[in-house]
Amino acid sequence: MLAKRYTGKKLVDNIFATSKKAKQAILKFGKENVINATIGSLYNEDEKLAVYDVVESVYRNLSPEDLYAYASNVIGEDDYLEEVIKVVFYEDYKEVLKGIHIASIATTGGTGALSNTIKNYMDTGDKVLLPNWMWGTYKNIVIENGGTIETYQLFNENGNFNFEDFKNKVLELAKVQNNVVLVINEPSHNPTGFRMTYEEWVDLMDFFKSIRDTNLIVIRDVAYFEYDDRGEEETKKIRKLLVGLPKNVLFMYAFSLSKSLSIYGMRIGAQIAVSSDEGVIQEFKDAIPFSCRTTWSNIPKGGMKLFTTIMKNPELKANFLNEKQGYMNLLNERANIFLTEAKEQNLEILPYKSGFFVTVPVGETVDKVIEDLENKNIFVIKFDTGIRIGLCSVPKRKIKGLAKKIKDSIDKS
Ligand code: PLP
């Protein structure tokens, strides 16, 4: 009975399915005997969802009007739209990014930003360029909107960004498509924790600036950017590379508060469009609200208020940054345990710099390895031929010894 364009689709959500198995094992064997590394949300050392005190207190004190009323408009509250730009591009963005126009629109998390972008900028039947190691939902969004997938190898043999492959894939698509939509998930890439160096960004931006006759829509998925330790100086240097973008290159930042404020279920995010052409930004402002209105209508006002109340108040913002630093330290400690032990065990891992996840490339035996790990009550997520370990949700005491257990399962299979 489905419309033709919707037949043949079935959501296979590996993450939720494996997470369910882990929960069942916890019921059967007890929490301490199970390692649930499937979760993509930040958990504390008691294996409870990390909740920011400042988020809790501000949200609980919002007025009923702010919590229950419709947002003032479809694209989001004005001050929210301005604050998301400032969080990504800093307060001085107008002075620094000369000749660049920026606009934002509130979306249902980063997912809404991604789907709204692909829906509006990918021509039906076109290929969208995605990294070979990727969050699987990108693929589904492309398929949902009548496109197909092309992938670039994220890493070269030295574990750096595979610029050669990326460039070749873009150029190939540019020969046959008017619009080339591509995704760069950086920093704190899901599932590897990869981030590019400043030099890699320079090469990439030079390449984008050299493209003519094809529209490039560069989706930069920054869902995990708050948990990256690249530092303000380098982030600002990378920001500056946006100056001089040609008119045919549109940058679209997919911004999410799910991870930033640890408010996953609240569904707050934004699309931030960056272009040197005012007309391109006007087109964005005209077309995107149409899609918002016809899918989710508008974004929860309370979530937007929560964000602006914290960000606009220096004391609350300082509290947030302070708490966030605590969680970043925790993530670092967990990563250090795993990376050190992996080295001792000669366990290969994909280049990790920051963020919630590390990935072990396994190869063809990945299913067997997962089965063996599950027999040991260790639950991880399969990503292509690798396994993803959610450092974000496993306490340090359970990370200790995990690399050896994984290595043993790989050696056995
Ligand atoms: N991008 C990546 C890489 C993700 O892993 C996720 C969520 O897991 C998202 C975007 C979107 O998250 P949300 O829609 O909750 O903002």
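Residues numbered from 1 in each chain as written. Predicted model: local features only at pLDDT ≥ 70, side-chain atom pairs only at ≥ 80, totals over all residues. Heavy atoms only, no water.

So, the packing of helix α13 (residues 301-312) against helix α14 (residues 314-344)
Then, number 1: Between α13 and α14, whose axes approach to 5 Å, the crossing angle comes to 100°. Between α13 and α14, the angle is such that the two are roughly perpendicular. Residues Thr309, Ile310, Met311 and Lys312 of α13 form the contact with α14, whose participating residues are Pro314, Leu316, Lys317 and Phe320.
Then, number 2: By residue class, the composition of the contact of α13 with α14 is 5 nonpolar, 1 polar and 2 charged. (Axes fitted to C-alpha atoms, helices over the stretch in contact; angles between N-to-C directions. Helix = DSSP H or I, 4+ residues; strand = E, 2+ residues; numbered from the N terminus. Parallel < 35°, antiparallel > 145°, perpendicular 65-115°, else oblique. Contact = heavy atoms within 4.5 Å. Nonpolar A, V, L, I, M, F, W, Y, C, P; charged D, E, K, R; others polar.)

Quick look at the nonpolar core
Most often, soluble globular proteins keep nonpolar side chains buried together rather than apart.
Then, number 1: By size, the foremost hydrophobic cluster in this structure holds 109 residues, and its most contacted members are Tyr80, Phe89, Phe166, Phe208, Phe251 and Phe255.
Then, number 2: Beyond its immediate chain neighbours, meaning those up to four positions away, phenylalanine 208 contacts Phe166, Leu182, Ile184, Leu216, Val218, Pro246, Val249 and Phe251.
Then, number 3: Ala37, Phe338, Val369 and Val394 belong to the second-largest nonpolar core, a separate cluster that totals 25 residues. (Core = buried A, V, L, I, M, F, W, Y, C linked by side-chain atoms within 4.5 Å. Buried < 20%, exposed > 50% of the residue type's maximum accessible area, 1.4 Å probe, protein only.)

Here's the deal with the site of the ligand
Then, number 1: With respect to spatial proximity, 14 residues lie near the ligand, and among them Gly110, Thr111, Asp221, Ser256 and Ser258 are the closest.
Then, number 2: Glycine 110 has a polar backbone atom sitting 2.6 Å from an oxygen atom of the ligand.
Then, number 3: Serine 256 is positioned with one of its side-chain polar atoms (N or O) 2.6 Å from an oxygen atom of the ligand.
Then, number 4: Relative to its free-state accessible area of 390 Å², the ligand is covered by the protein chains to the extent of 92%.
Then, number 5: Listed by contribution, the elements that provide at least two residues to the shell around the ligand are α6 (109-121) and α11 (257-260).
Then, number 6: Grouping the amino acids of the shell around the ligand by side-chain chemistry returns 4 nonpolar, 7 polar and 3 charged. (Near = heavy atom within 4 Å. Polar contact = N/O pair within 3.5 Å; in protein donor to acceptor, adjacent residues only side chain to side chain. Areas by Shrake-Rupley, 256 points an atom, 1.4 Å probe, with all protein chains shown as cover.)

Regarding the pairing of strand β6 (residues 215-221)
Then, number 1: Along β6, 6 of the 7 residues are buried, which leaves the element largely enclosed by surrounding structure.
Then, number 2: Here 7 bridges tie strand β5 (residues 179-185) to β6, and the two strands are oriented parallel to one another. In the sheet register, valine 180 faces β6, and the bridge partner there is leucine 216.
Then, number 3: A crossover connection joins β5 to the parallel β6 through helix α9 (residues 198-210); in handedness this β-α-β unit is right-handed.
Then, number 4: You can see the chain leave β6, run along helix α10 (residues 232-240) and come back into strand β7 (residues 249-256), and the turn it takes is right-handed. (Pairing = 2+ DSSP bridges. Right-handed = clockwise from strand over helix to strand, strands pointing away.)

Structural notes on the environment of valine 243
Then, number 1: Inspection of the secondary structure assignment puts valine 243 in the loop between α10 and β7.
Then, number 2: For valine 243, a relative accessible area of 29% puts it in the partly exposed group.
Then, number 3: Each C-alpha atom of the pair valine 243 and leucine 97 lies 5.9 Å from the other, and the pair is 146 residues apart in sequence.
Then, number 4: Apart from the residues within four sequence positions on either side, valine 243 is in contact with Val96, Leu97, Lys98, Ile100 and Lys209.

Brief notes about the environment of lysine 396
Then, number 1: When you line up the elements, lysine 396 lands in helix α16 (residues 396-399).
Then, number 2: The class of lysine 396 is partly exposed, set by a relative accessible area of 25%.
Then, number 3: What lysine 396 contacts, discounting residues up to four positions off in sequence, is Glu45, Leu330, Glu333, Arg334 and Ile337.

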